[in-house]
Amino acid sequence: MKKIHLLITIFFVIVSCSSDSNSTSGDNYNRTELLTNWADNLIIPRYENYQSKVGILQTNATTFTADPNQTNLDVLRLAWLEAYKAYQYVGMFSIGKADEINLNSTVNIYPTNQTGIQTNISSGTYNFALLSQYDKQGLPALDYMLNGLATSDSEIIDFYVTNSDATKYKQYLTDLVNQLKVNIDLIVADWNGSYRNLFISSSGNSVSSSTNKMVNNFIKYFEKDIRSGKVGIPAGIFSNGTLYPEKVEAYHKNDVSKVLLNESIIATQDFFNGKYFSSTTEGSSLKSYLNYLGTVRDGQSLSTIINTQFGTINTVNANLNDSFSSQVNSNNNAMLSSYDAMQQNIVYLKLDMMQALNITVDYVDADGD
Amino acid sequence: MIETYLNKKSESITLAFFRLAFGLMMLFSLIRFTSYGWIEKLYIQPNFHFTYFGFNWVKPLGNYTYLLFFISGLSALFVTIGYKYRIAIITFFLSFTYIELIDKTTYLNHYYFISIVSFILIFLPANCNYSVDAYQNKSLQSNDVPSWTIDVLKLLLAIVYFYAGLAKLNSDWLFEAMPMKIWLPNQSNVPLIGNLFHQTWVQYTFSWVGAIYDLAIPFLLWNKKTRNFAFFLVVIFHILTKILFPIGVFPYVMIISTLIFFDASFHKIIMNFIFKLVRIKASIFNTDNQFKQDFNALGTKIRLLFLAFFMVFQLTFPFRYLLYPEELFWTEEGYRFSWRVMLMEKAGYAQFYVIDAQTKQKTFIDNNRFLTPFQEKQMAFQPDFILQYAHFLHDHYKRIGMNNPIVKVDSYVALNGRLSKRYIDPNIDLAKQYESFQHKTWILPFNDDIKGF
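In this text, all values refer to a predicted model and were calculated from it rather than measured experimentally.

Undergrad: So what's going on with the UniProt feature "domain: Imelysin-like" (unreviewed entry) in chain A? Which residues, and what values?
TA: When the UniProt feature table is mapped onto this chain, "domain: Imelysin-like" (unreviewed entry) is found at residues 43–334 of chain A. Strand forms 1% of residues 43–334 of chain A and helix 66%; the C-alpha atoms that close the span are 32 Å apart.

In structure tokens:
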């Protein structure tokens, strides 16, 4: 009788010790180090770079509106392109303040709403924080204001000089740039304030942890904003072959879609490899995480397979025209090849990598078998 | 000889113990399931359910699902105390099985196990002692039962373990240590042993020991000499799996179920202990009545034949995969209901699109719109899910005015540490394919070989 008591007691002790919560345990990879590298060497420097490019853009916009001429327009256009390139490095970080203020929607919704912009200009009243204003602001709206108002540069400049609404045009241009500045200032201030530590301290592996959110955002951005937005939609992937040359990124400038795509691919690969911004040093990353877990697929480490595929993407993309509008019309197959190359890496990231890292695409809370 | 065996007697307390333990565990499981909010999450929220082939008629009951769980729980309670036992166990079997049939997304081998056990219990005189029924009706009460009524449960447990062990005898499990190689490193913050999980030899050890354990445990439990040691192993093994994997109540169900292998004297001690807890004298169930088994009665004959047939079915059904070409792990044709437990790491990616046959307008499907994350996860690597979902999309888009929707999928699957590869023929119109027991020819070949069971 004593024996059975003991047995039953031992059993219940064991039972109560093994937790019944379904939170999966972790793999001991130092996620704090990973998050610290992301924050200090990638996210914050990239944001600050974009912030400084937007700062230059703002200065040049002020110069241009004060004296709209060809020289100032050229300088402003250059600053706009630099800001656009810098933005390619930060679009994937939809977390914290950027998520809160919908940075991506306020900076890069294209094609931009030309009619809406004209309405805004003539009315002079608009609230950029509203959902309905997302497609009338940001870098695509600036593209229209700097490159798309007319066919020749002199005609464009005339909108800011001789047009009866010239003051309003100048005002809208100024407001667009200011809005970009206000948003990025908020984000940088937040990261340099309390958010960095908050981000790093969320080092668990629940669905709301920083790592899981970042990985999900990263892949989603690659899938929706790079693969589909920059290439898939213009190439008619989602419209059963109906081409949309007017839906390329920076349509009015037109000859920079390839440059922007290339920048975004570099930004993506660098994030995967944990490469410091503007330095060749690599820190803790998804690559080192996979290597730590010893993830080998078909006799090759998965991180190598993914990096090789990035190489393939670059090779395929090298064949593209600077203008995707022309590319779509002349030889859309090159666009489709680019799409397929990116799609393959999305499968590697979203399926093979997520499986290895034990990160679910979303939270699944139920018993396993 | 068969008759001698069928006439062999065991003490009724063993069967009563199992009835009580099973009923209690079921009650606890159902309460746990409900308290986690899973009824809402798994059976009420989804606006579409993946049903089993031939069971399309099983529909979710909306808010009445709670009532179904209540009925199931109440019948489990009645089974526990042995009150109106026959009706209670039939009700439990039907209600529990109905719940499981609503959505195969939640399929687990241990739910299937519970359905089978409760089904077998319908045919056993588990209320013939230590039950309200026996207390109220002394003519029902008996001190013994035919041994086969206990052996049939032991046999089922033995099948579960042994077949789970057989399934592990494959080249991935034994020679690649897959999926342990993927799963163990993800658990390395387990205290004490966690750091070892990155070691290859540990991964192989877990694989081999797991396979040997499953194959050997039924024999070790059946043999009186090794029984105590075997039960010790059962406890260690299941607690370990409980710590490592999110497998809910399954370990406890198995640990407690294996107690049936012990002698009646052991069950007597436990029953006395339980009766003491609820302040009932177990001695009121002492009786000299013998269980009457009339082999000439048609009912007995049918019951025995039916159970015999059922057990033969249990022995053969898991081998039905042999009737299909292609790799079982890849196509999963004949995978379920075969005690293939924690056997592979498989995940998928499925991008569906629907094309209007006339306008050629192409719509990309955001799975989140129609499926819960859990359903999407399960759907992405199981062909029958993919097919059923494709038909659901076809019907949905037809209803909202699309002409003869064509449904195609870009689908990739990664299995046991292999690089992902395309899974479903991307050119096939899934809306024109139909579920059957035939091999699904639109699953692309695996182009690899997993040898073994």
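Undergrad: Go over the environment of Arg320 of chain B, please, and point to the residues and values.
TA: All names here are of chain B. Summarising the element assignment, Arg320 is placed in the loop between helix 15 (298–316) and helix 16 (328–331). If we ignore the near neighbours within four places in the chain, the residues touching Arg320 are Gly334, Tyr335, Arg336, Phe337 and Ser338. There is a polar contact of 3.3 Å between the side chain of Arg320 and the side chain of Ser338.

Undergrad: Outline the domain arrangement of chain A, supporting the account with residue identities and numerical values.
TA: One widely used convention gives an interface's size as the accessible area the parts lose upon coming together. All names here are of chain A. Taken domain by domain, chain A comprises domain 1 (28–202) and domain 2 (204–360). Computed over C-alpha atoms, the centres of domain 1 and domain 2 are 23 Å apart. Taken together, the contact between domain 1 and domain 2 spans 38 residues of the former and 47 residues of the latter. Overall, the association of domain 1 and domain 2 removes approximately 3700 Å² of surface from exposure, summing both partners, and the carbon and sulfur fraction of that is 62%. The largest share of the area that domain 1 buries against domain 2 comes from Tyr29, Arg31 and Met92, three residues that together contribute 21% of it.

Undergrad: Explain unusual backbone geometry to me, using residue names and the numbers behind them.
TA: Cis geometry marks the peptide bond from Tyr110 of chain A to Pro111 of chain A, where omega comes out at 0°. For the bond from Met178 of chain B to Pro179 of chain B, the omega torsion is 5°, close enough to zero to count as cis. Within the secondary structure, Pro179 of chain B sits in the loop between helix 9 (171–175) and helix 10 (180–183). Located in the positive-phi region is Glu332 of chain B, a residue other than glycine, with phi close to 55°. One can find Glu332 of chain B in the loop between helix 16 and strand 3 (346–355). The buried category is assigned to Glu332 of chain B, whose relative accessible area is 14%.

Reading the values: the criteria
- Residues numbered from 1 in each chain as written.
- Chains lettered and ligands numbered in written order.
- Predicted model: local features only at pLDDT ≥ 70, side-chain atom pairs only at ≥ 80, totals over all residues.
- Heavy atoms only, no water.
- UniProt positions renumbered as here; feature names shortened; annotations may be inferred.
- Helix = DSSP H or I, 4+ residues; strand = E, 2+ residues; numbered from the N terminus.
- Contact = heavy atoms within 4.5 Å.
- Polar contact = N/O pair within 3.5 Å; in protein donor to acceptor, adjacent residues only side chain to side chain.
- Domains from an automatic or database assignment.
- Buried area = accessible area lost by both parts, 1.4 Å probe.
- Buried < 20%, exposed > 50% of the residue type's maximum accessible area, 1.4 Å probe, protein only.

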